[in-house]
Amino acid sequence: MEHFEPVIVAFCCHYCAYTAADMAGSQRLVYPANVKIIRVPCSGKVDSLHIAKAFEKGADGVYVAGCLDGDCHFKNGNDKAARKVAHMRGYLEEIGIEPERLEMVKMSAGMGERFARVATEMTEKIRKLGPSPIKAAAA
Amino acid sequence: MITAERKPLDEILSYIKPFKRILLLGCNECVTVCAAGGRKEVGVLASGIQMSMLKNGASIEIREHTLERQCDPEYVEELVPIIDSADAVLSMACGCGVQQLATRFKDKPVFPAVNTKFMGGSDRHGVWTERCQGCGDCLLGVTGGICPIAKCAKQLMNGPCGGSVSGVCEIGDEVECAWHLIWERLKALGLTDQYLEIMPAKDWRAGGGSGPRKIVREDLAE
Amino acid sequence: MKTQSNLEKVLSGGHLAVTSECGPPRGASAQTVVDKAKYLEGVVDAVNITDNQTAVVRMSSLAGSVLVKQQGMNPLLQMVTRDRNRLAMQADILGAYALGIDTMLCLSGDHTKFGDHAMAANVHDIDSIQLIQMVKGMRDEGKFQGGAEIKGVVPKMYIGAAANPFADPFELRVMRLAKKIAAGADFIQTQCIFNIEKFEKWMEGVRKMGLHEKCYILAGITPMKSVGAAKYMKNRVPGMDVPQELVDRMSGVAKEDQPAEGIKICLETMERLKEVEGVAGFHIMAIDWEEKVEEIVKQAGLYPRPQV
């Protein structure tokens, strides 16, 4: 696996992380192209099924990006998302996929710099972990 | 409702190991409400099984399907056109549903993907607690609407025992003392005298003590 | 007299009764039972033989009772509803009586969660109050719980029950005692008393309902061996009420003097309880400290035991 380029799926809340991504763009901050952004109306909208399917369809890493604590536009969608992520990490472990491949992160709409850093860190972490065990077996 | 929880993935995988084509079957009733075996959980499990297989360089054909109700023959009949497309059925319904399938499709292996837990209700989102043990002779009319059979760890009919402290059962912090609750209810209802009546030993025949139970409604049964 | 029980004779004779307990071993040694029981010989009116106490498997209380009986002492057979259904319990009651056991204590039993077989089913076919009813029905009506008549000899058991004045809700504790007495309890052994004020308050309620005249109440007493034991009972045993002053008093003396202090507290408690109207005797639970019972009984002025 010499030229492994991880596929990262980022579920981004419309009210924070997605806007932060825009901000990063307008500030000309560089972040890896590995991160595929999926806009969601709220991080709480992300379902276990979405996370499972992302991995099944070939993601090497997934993260859910929601608002800062207490700042959810829908009151507590970010907390719900965090619980779902914690639950799904357990499920990934059962399946035999490293739970670190799934993360919950929180940021505000103005944190373009944080968005870029998270995207970079996640990509680098997954790069070190290597391809998801599912892809590795298929290769 | 009847509550359930998904079995560990390893156990599920051990059941379906010999098969190539699986019908993964959810149920739209109780197990959907308790988020154990509805359409969504079917999807998540199918994905998990698929990933486990892929990880080992294997593959499996999973057909996802969710019935309106797995414990009724009418709905199970829906499976007739598709049942032969699967080598085995993995059911996410409660034990009643699993058995309905096993009875209807005599030569088809059927496996449970959930552990059926208890008859209960929801305390709050994501939390379910036991409320009824189906004793067949409901006592709730004399216990203030709180069941000592289902909710007392010793199913005392004349409680509370000496282990009740500050409303909590001796078995642990999470469990409320059923008899403490009953007493508070009887007080609120002005029925404290009722407490002094000794509840006689129970006839467990109604509760399954005389074998599997059956209800026949003459006016309905064909 | 309802029975041939020595305890009944002592109590109805107006004497302050003394009972103590002997937990059977976690093995099959008869000698262990005999050795433990010997500490209590001539010192108490009846020896409780516990039934899988704290849900830990031990030699059966019936076998332990027989071994104690063989030593010429008076066993008090404890029976919990946790481990057996009503068939098994009635069979054991017949067997026990056939082997000369005439006194028993009816309990629900600690939950299996606390024991060495947490995975076992909790039977609870009937509860402790229904067990009292059942034993009384066997004795007074000569009938099994299911309604059939007992053939030949009817087991005439002197019936005991437990009461915990320190559990919650407190206001229910006297009423629950009333239910046990209405069910047929002849005597009561209480939970260990450390909080005397609370016990006195409970007894006030007992007297108000006239329950002390319908049944004999033996006050539960436990000598504390150490400050560690005091803390353990205070914090870890559900339904046990050990006031902080007692823990402080125990920790106020040197480690080697703590056993003596524990005995002293126990004797002071007994002196105070003797003054409480309705206390008909003492049940001394000297857990793993049976050898001290004789000293306690003697120093409390309860020796020699009446020959009735």
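The structure displayed is predicted, hence computed values, not measured ones.

Participant: Go over the packing of helix α5 (residues 128-141) of chain C against helix α6 (residues 170-183) of chain C with me, naming the residues and quoting the values.
Facilitator: Residue and element names in this part refer to chain C. Relative orientation of the contacting elements α5 and α6 amounts to 20 degrees, with a least axis distance of 8 Å. The orientation of α5 with respect to α6, classified from their angle, is roughly parallel. Seen from above, α5 lies across α6 with right-handed handedness. Where α5 abuts α6, its residues Ser-128, Ile-129, Ile-132, Gln-133 and Lys-136 lie against Arg-176, Lys-179, Lys-180 and Ala-183. Partitioning the contact of α5 with α6 into residue classes produces 3 nonpolar, 2 polar and 4 charged.

Participant: Provide a residue-level description of the nonpolar core, including the pertinent values.
Facilitator: Counting residues in each nonpolar core, the largest one holds 71 residues, and the members touching the most others are C:Leu177, C:Phe199, C:Trp202, C:Met270, C:Leu273 and C:Ile284. Looking at this core element by element, the count peaks at 6 residues for α5(C). Beyond its immediate sequence surroundings of up to four residues, C:Leu177 is in contact with C:Ala163, C:Ile188, C:Trp202, C:Val206, C:Leu211 and C:Ile217. Of all hydrophobic cores here, the second largest spans 49 residues; its members include A:Ala81, B:Phe19, B:Val42 and B:Val44.

Participant: If you had to explain the sheet that holds strand β6 (residues 114-124) of chain B to someone new, which residues and values would you point to?
Facilitator: All names here are of chain B. With antiparallel pairing, 3 strands are arranged side by side in an open sheet as β1-β6-β7. The open sheet terminates on both sides in strands that have one partner only, identified here as β1 (2-6) and β7 (127-132). With direction set aside, neighbouring strand axes in the sheet form an average angle of 70 degrees.

Participant: Let's hear about the packing of aromatic side chains: which residues, and what values?
Facilitator: Going through the model one piece at a time under the given rule, you end up with 8 aromatic pairs over all chains. A ring pair is formed by B:Tyr15 and B:Phe111, whose centres lie 5.3 Å apart and whose planes are at 10 degrees; its orientation type is stacked. Taken as a pair, B:Tyr15 in helix α1 (residues 9-16) and B:Phe111 in strand β5 (residues 110-112) lie far apart in primary sequence, 96 residues in all. Taking relative accessible area as the criterion, B:Tyr15 reaches 25% and is therefore assigned partly exposed. Ring plane angle 70 degrees and centroid distance 5.7 Å describe the contact between B:Trp183 and B:Tyr195, whose orientation is recorded as edge-to-face. Of this pair, B:Trp183 sits in helix α8 (residues 178-188) while B:Tyr195 is found in the segment after α8, placing the two residues 12 residues apart along the sequence. By relative accessible area, which is 2% here, B:Tyr195 ends up buried. Joined through ring pairs, the aromatic side chains of B:Tyr15, B:Phe19 and B:Phe111 make up one cluster. Over the ring of A:Tyr18 we find A:Arg39; its NZ or CZ atom is 4.9 Å from the centre of that ring. One residue, C:Lys298, lies across the ring of C:Tyr303, its end atom 4.7 Å from the ring centre.

Participant: Account for the pairing of strand β2 (residues 35-40) of chain A, naming residues and giving values.
Facilitator: Both faces of the sheet carry side chains from a regular strand, because those side chains alternate between them. All names here are of chain A. When strand β1 (residues 8-13) meets β2, the two strands line up parallel, connected through 6 bridges. Within the sheet, the bridge partner assigned to Cys-12 lies in β2 and is Arg-39. Handedness of the crossover joining β1 and β2 through helix α1 (residues 17-26): right-handed.

Participant: Tell me about the environment of C:Thr19, and name the residues and values.
Facilitator: Residue and element names in this part refer to chain C. Among the structural elements, Thr-19 can be located in strand β1 (residues 17-22). The sequence separation of Thr-19 and Met-224 amounts to 205 residues, and the corresponding C-alpha distance is 18 Å. Look past the residues within four positions of Thr-19 in its chain and what remains in contact with it is Leu-7, Val-44, Ala-46, Asn-48, Leu-76, Gln-189, Leu-218, Phe-282, His-283 and Ile-284. Here the side chain of Thr-19 touches Gln-189 through a polar contact of 3.0 Å, side chain to side chain.

Participant: Quick rundown of the interface of chain C and chain B? Include the residues and the values.
Facilitator: Taken together, the contacts link 31 residues of chain C with 30 residues of chain B. At the boundary of chain C with chain B, total buried surface from both sides reaches about 2,600 Å², with 56% on carbon and sulfur atoms. Our count for the contact surface shared by chain C and chain B stands at 1 salt bridge. A salt bridge links B:Lys187 to C:Glu171; the shortest N-O distance between them is 2.5 Å. On inspection of chain C and its partner chain B, the count reaches 22 residue pairs in polar contact (both at pLDDT 80 or more). Among the elements of the structure, α5 and α6 of chain C are those that each provide at least two residues to the side of chain C that touches chain B. Along the lines of polarity and charge, the residues of the side of chain C that touches chain B split into 12 nonpolar, 9 polar and 10 charged.

Participant: Describe in detail the interface of chain B and chain A, supporting the description with residues and values.
Facilitator: In this assembly, 17 residues from chain B lie in contact with 15 residues from chain A. The contact between chain B and chain A buries some 1,400 Å² in all, and 64% of this surface belongs to carbon and sulfur atoms. The interface formed by chain B and chain A holds 2 salt bridges in total. Of the charged contacts, one joins A:Asp47 and B:Lys40 as a salt bridge, the two residues approaching to 2.7 Å between their closest N and O atoms. On the surface where chain B and chain A come into contact, there are 6 residue pairs in polar contact (both at pLDDT 80 or more).

How each quantity is defined
- Residues numbered from 1 in each chain as written.
- Chains lettered and ligands numbered in written order.
- Predicted model: local features only at pLDDT ≥ 70, side-chain atom pairs only at ≥ 80, totals over all residues.
- Heavy atoms only, no water.
- Axes fitted to C-alpha atoms, helices over the stretch in contact; angles between N-to-C directions.
- Helix = DSSP H or I, 4+ residues; strand = E, 2+ residues; numbered from the N terminus.
- Parallel < 35°, antiparallel > 145°, perpendicular 65-115°, else oblique.
- Left-handed = near helix turned anticlockwise from the far one by under 90°.
- Contact = heavy atoms within 4.5 Å.
- Nonpolar A, V, L, I, M, F, W, Y, C, P; charged D, E, K, R; others polar.
- Core = buried A, V, L, I, M, F, W, Y, C linked by side-chain atoms within 4.5 Å.
- Buried < 20%, exposed > 50% of the residue type's maximum accessible area, 1.4 Å probe, protein only.
- Pairing = 2+ DSSP bridges.
- Phe/Tyr/Trp six-rings, centres within 6.5 Å; stacked < 30°, edge-to-face > 60°.
- Lys NZ or Arg CZ within 6 Å of the ring centre and 35° of its normal.
- Right-handed = clockwise from strand over helix to strand, strands pointing away.
- Polar contact = N/O pair within 3.5 Å; in protein donor to acceptor, adjacent residues only side chain to side chain.
- Buried area = accessible area lost by both parts, 1.4 Å probe.
- Salt bridge = Lys/Arg side-chain N within 4 Å of Asp/Glu carboxyl O.

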